[in-house]
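# Examination of the molecular architecture
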Amino acid sequence: MQLGMIGLGRMGANMVKRLAKNGHECVVFDRSQQVVSDLAKEKGVTGGTSLEDFVSKLSKPRAIWLMIPAGVVEQTIAEIVPHLEKDDILIDGGNSYYIDDIRRSKELEPKGIRYVDVGTSGGVWGLERGYCMMIGGPKEAVEYLDPIFKTIAPGVGDIPKTPGREKVGGTAEMGYLHCGETGGGHFVKMVHNGIEYGMMAAYAEGLGVLKAANIGKHTAEIDAETTPLRDPEHYLYDFNLPDVAEVWRRGSVIASWLLDLTASALIVDPELSKYGGRVSDSGEGRWTIKAAIDEGVPTPVLTTALYSRFSSRGEADFSNKLLSAMRFAFGGHLEKPHEK
Ligand SMILES: NC(=O)C1=CN([C@@H]2O[C@H](COP(=O)(O)OP(=O)(O)OC[C@H]3O[C@@H](n4cnc5c(N)ncnc54)[C@H](O)[C@@H]3O)[C@@H](O)[C@H]2O)C=CC1
Ligand SMILES: O=C(CO)[C@H](O)[C@H](O)COP(=O)(O)O
C-alpha cells in the first residue's frame, strides 16, 4: 500500500523505513530537504520537494500521515488541505490533543476528507520493535489503513499470550487498536503518557531513596542541631544502583521496559552526569489531569508526577522562597544552604 509521510524526525523516518522494508511504497516530505533526500535513498521511498509536489506523487484516495510536533499540525493541515480531495485520509500520528482532533475532523468533513488520529508509542526503538498504536476515527478509514497499521505495529511477537484473549480476537494483541470515534486514539495515548509520567516518577523517586541510603556516613556534613536524622547508623548503605535496577528486571513485580531503559542509563553512567535534571513535558500529562478533573476522577499519582516535572524546572522556586520567608518571619529561622 502507499502512504505519504510528513515529518521525518525520530519517529517518522523510522516508520517509513519499517514500511518500505516490508514492501509498502512511501512518499515523504519534511521541512528539511536534506532529510527528505537522505530518506529517498531507501528502496520504495520517493521524496517530495514541496507539499504540492508531495501530494502530486500520491495516488487517490491519498493517505497522508503527519508525524510532526503537535504545535505545527494546525498550520500544516491548513497548508495541505487545498491540495486534497474528497475521500483522502489525513492521519495525525503525533501527540496531538484529542479535543483538537474533534474540531479538525469536523472542519474537514464538508470537504469529504477523512481524519484519523493515532497515538503512537515506541520512541526511537520502534524501527526494530514496532510501534504500539491507539487509533481513533471513522471505521471504514481505519479499516482501509489496516495494512499500514499491521506493518508498523510490533505484531504478536514473543510476548506471552493473555489467557482468554483467543476467545476475544481483534488487533490489540498485534499492537494496534481502533479505540473509538475521532479523538479516541489520542485520548488513550494521552492517558498512556499520563501513566508514563507516574511510572517514571516512581522509579526515579525509589532509586533516589536508595541513592541517599548512605546519608549516615556523612553526619559531619549534617547540621545535627536541626536536621531530623536521629539514627545515622540506619543509613550506612552504599547501594549499587546499576545492579539494583538490573536485579529488579529479573522476575520482580516492578520489571518493565521503562526499568530496562533505567538500567541501561545507570550502567552507562551511574551519576547520570550529562543530565541536569530539568524534565520537560509535551502536554499529554497536563491534558490527562484536565480530563480527570472534568470526569471527577482522582489521579493523585499522575498529578504529583506532573508537578514534579514543573518543580524540576524551578517552577517551585518562588513558592519555596515564600516558605522560607514565612519561617523566618514567624521563628527567625534561616535557610541552610547545605542542608540535606
Ligand atoms: N520521540 C518520541 O519518543 C515520540 C514522539 N511522538 C510524537 O511524534 C511527533 C513527532 O515526534 P518526533 O519524531 O520525536 O519529532 P522530531 O522533532 O524528531 O521530528 C519532527 C520532524 O518534523 C519536521 N517538521 C517540523 N515541522 C514541520 C512542518 N511544518 N512541515 C514539515 N515537516 C516539519 C522536522 O523537520 C522533523 O524532521 C510529535 O508529535 C511527538 O510528540 C510520539 C511518540 C514518541
Ligand atoms: O509519547 C512519547 C512517549 O510515549 C514521547 O516520547 C513524548 O514526548 C513523551 O512525553 P513528554 O515529552 O511529555 O515526556
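Note that this is a predicted model, so its numbers are computed, not measured.

### Let's talk about the overall build of the protein
Across its full length, the protein holds 15 helices and eight strands. When burial is assessed residue by residue, the protein has 39% of its 340 residues classed as buried. Here the analysis covers contacts within the protein between residues at least 6 apart in sequence; of these, 64% occur between residues at least 24 apart. When the accessible surface of the protein is summed, it comes to about 19,500 Å², and 57% of that surface belongs to carbon and sulfur atoms. Of the charged side chains in the protein, 38 are positive and 46 negative; the average position of the first set lies 3 Å away from that of the second.

### Structural notes on the state of the cysteines
Put plainly, a disulfide is one covalent bond tying together the sulfur atoms of two cysteines. Evaluation of the coordinates by the stated rule reveals zero disulfides. Free of any disulfide, Cys132 has its nearest neighbouring cysteine sulfur in Cys179, separated by 8.4 Å. When its relative accessible area of 34% is taken as the criterion, Cys132 is described as partly exposed.

### Description of the site of ligand 1
Around ligand 1, the surrounding shell holds 19 residues, and the nearest of these are Arg10, Met11, Asp30, Asn95 and Thr120. Residue Gly9 places a main-chain N or O atom 3.4 Å away from an oxygen atom belonging to ligand 1. Contact distances for ligand 1 include 3.0 Å between an oxygen atom and a backbone N or O atom of Asn95. Split into classes, the residues belonging to the shell around ligand 1 amount to eight nonpolar, seven polar and four charged.

### Thoughts on helix H10 (residues 184-211)
Taking 1.5 Å per residue as the helical rise, H10 with its 28 residues ought to reach 40 Å, and the 41 Å between its terminal C-alpha atoms agrees with that figure. Among all positions of H10, only Gly184, Gly185, His186, Lys189, Met190, Asn193, Gly194, Tyr197, Gly198, Ala201, Tyr203 and Leu207 are buried.

### Section: the side chain of Arg18
Tracing the backbone shows Arg18 in helix H1 (residues 12-21). Buried charged residue Arg18 carries no salt bridge. Nearest counter-charge: Glu128, at 8.8 Å. At 2.9 Å, the side chain of Arg18 and the backbone oxygen of Ala153 are in polar contact. The residues touching Arg18, leaving out its near neighbours within four places in the chain, are Gly126, Leu127, Glu128, Arg129, Gly130, Tyr131, Thr151, Ile152, Ala153 and Pro154.

### Things to note about the site of ligand 2
Close to ligand 2 lie Asn95, Ser121, Lys189, His192, Asn193, Glu196, Tyr197, Asp281, Ser282 and Arg309, which account for all nearby residues. Contact distances for ligand 2 include 2.5 Å between an oxygen atom and a side-chain N or O atom of Tyr197. Separating an oxygen atom of ligand 2 from a side-chain N or O atom of Arg309 is a distance of 2.7 Å. Among the elements that take part in the shell around ligand 2, H10 stands out by supplying five residues, more than any other. Broken down by class, the residue content of the shell around ligand 2 amounts to one nonpolar, five polar and four charged.

### So, the pairing of strand E7 (residues 132-136)
The buried fraction of E7 is high, at four of five residues. Inspection of the sheet shows strand E6 (residues 114-121) paired to E7 by five bridges, in the antiparallel sense. For Val118, the partnering residue across the bridge sits in E7 and is Ile135. Pairing of E7 with strand E8 (residues 176-180) involves four bridges; the strand directions are parallel. Within E8, the residue paired with Ile135 across the bridge is His178.

### Description of the domain arrangement of the protein
One can read the domain layout of the protein as domain 1 (2-182) and domain 2 (190-331). On a C-alpha basis, the centres of domain 1 and domain 2 stand 35 Å from each other. Opposite the nine residues of domain 1 that make contact, domain 2 presents eight residues. Across the domain 1 to domain 2 interface the summed buried area is about 780 Å²; carbon plus sulfur atoms make up 64%. By the criterion of area lost to domain 2, the three top residues of domain 1 are Asn95, Tyr97 and Arg129, representing 55% of everything that side buries. The tally of links between domain 1 and domain 2 comes to zero salt bridges. Counting across the domain 1 and domain 2 interface gives one residue pair in polar contact (both at pLDDT 80 or more).

### Let's talk about the packing of aromatic side chains
What the rule picks out here adds up to nine aromatic pairs. Both rings, one in Trp125 and one in Trp257, keep their centres 6.1 Å apart while their planes meet at 85°; by these two values the pair is edge-to-face. Separated by 132 residues along the polypeptide, Trp125 in the loop between E6 and helix H6 (126-129) and Trp257 in helix H12 (residues 257-268) bring together distant segments of the chain. Judged by relative accessible area, which is 38%, Trp125 ranks as partly exposed. Residues Phe149 and Tyr176 carry aromatic rings whose centres are separated by 6.1 Å and whose planes lie at 35° to one another, so their mutual orientation is tilted. Of this pair, Phe149 sits in helix H8 (residues 146-152) while Tyr176 is found in strand E8, placing the two residues 27 residues apart along the sequence. Like Phe149, the residue Tyr176 is buried in the burial classification. Across from the ring centre of Trp257, 4.0 Å away, lies the NZ or CZ of Arg129, which sits over that ring.

### Notes on the sheet that holds strand E3 (residues 45-47)
Strand order in the open sheet made by the eight strands is E3-E2-E1-E4-E5-E6-E7-E8, with mixed pairing throughout. The sheet is open, and its two edges are formed by E3 and E8, each paired on a single side. On average, each strand axis in the sheet is inclined to that of its neighbour by 25°, with strand direction left out of account. Set on the sheet, helix H4 (residues 73-80) makes contact with strand E1 (2-6), strand E4 (63-66), strand E5 (89-92) and E6; between it and E4 the angle comes to about 155°.

The rules behind these values
- Along each chain, residue indices are assigned from 1 in the same order as the chain's sequence is written.
- Here the convention is simple: chains get letters from A, ligands get numbers from 1, in the order in which they are written.
- At least 70 in pLDDT is required for a residue's local features to be given in this predicted model, at least 80 for side-chain atom pairs to be given and counted, and no such filter applies to totals for whole chains, interfaces and linings, which use all residues.
- Neither water nor hydrogens contribute to the side-chain values; these are computed over all heavy atoms in the structure.
- Each helix is a run of H or I in the DSSP string that is no shorter than four residues. Each strand is a run of E no shorter than two, and both are numbered from the N terminus.
- Burial here depends on accessible area, computed with a 1.4 Å probe over protein chains only, as a share of the maximum for the residue type. Under 20% is buried, over 50% is exposed, and the range in between is partly exposed.
- For this analysis, residues touch if any pair of their heavy atoms sits within 4.5 Å.
- The Shrake-Rupley method, run with a 1.4 Å probe, gives the accessible areas here. Residue values count only the displayed protein chains as cover.
- Under this rule, positive means Lys or Arg and negative means Asp or Glu; His and the chain ends count for nothing.
- A charged residue contributes its charge at one atom only: NZ of Lys, CZ of Arg, CG of Asp or CD of Glu.
- The rule for a disulfide is simple: a pair of cysteine sulfur atoms within 2.5 Å.
- Note on definitions. A residue lies near a molecule or strand when any single heavy atom of the residue is within 4 Å of it.
- Pairs of N or O atoms within 3.5 Å make up the polar contacts considered here, provided that, within protein, one atom can donate a hydrogen while the other can accept it, and that residues adjacent in sequence are counted only when both atoms are side-chain atoms.
- Each residue gets one label: Ala, Val, Leu, Ile, Met, Phe, Trp, Tyr, Cys and Pro are nonpolar, Asp, Glu, Lys and Arg are charged, and the others, such as Gly, are polar.
- In this scheme, a helix's expected span is set at 1.5 Å multiplied by one less than its residue total.
- Just to be clear on terms, a salt bridge is a Lys or Arg side-chain nitrogen sitting within 4 Å of an Asp or Glu carboxyl oxygen.
- Two strands form a pair only when DSSP identifies at least two bridges running between them.
- Each domain's extent is set by a domain assignment, obtained either automatically or from a database.
- The term buried area denotes the loss of accessible surface (1.4 Å probe radius) that occurs when two parts are joined, taken as the sum for both partners.
- The aromatic pairing rule takes the rings of Phe, Tyr and Trp, using the six-membered ring of Trp, and pairs them if the centres are within 6.5 Å, calling planes under 30 degrees apart stacked, those over 60 edge-to-face and the rest tilted.
- Put simply, a charge is over a ring when the Lys NZ or the Arg CZ is close to the ring centre, within 6 Å, and near the line of the ring normal, within 35 degrees.
- Note on geometry: axes are C-alpha line fits, over the in-contact stretch for helices, and angles between N-to-C directions span 0 to 180 degrees.

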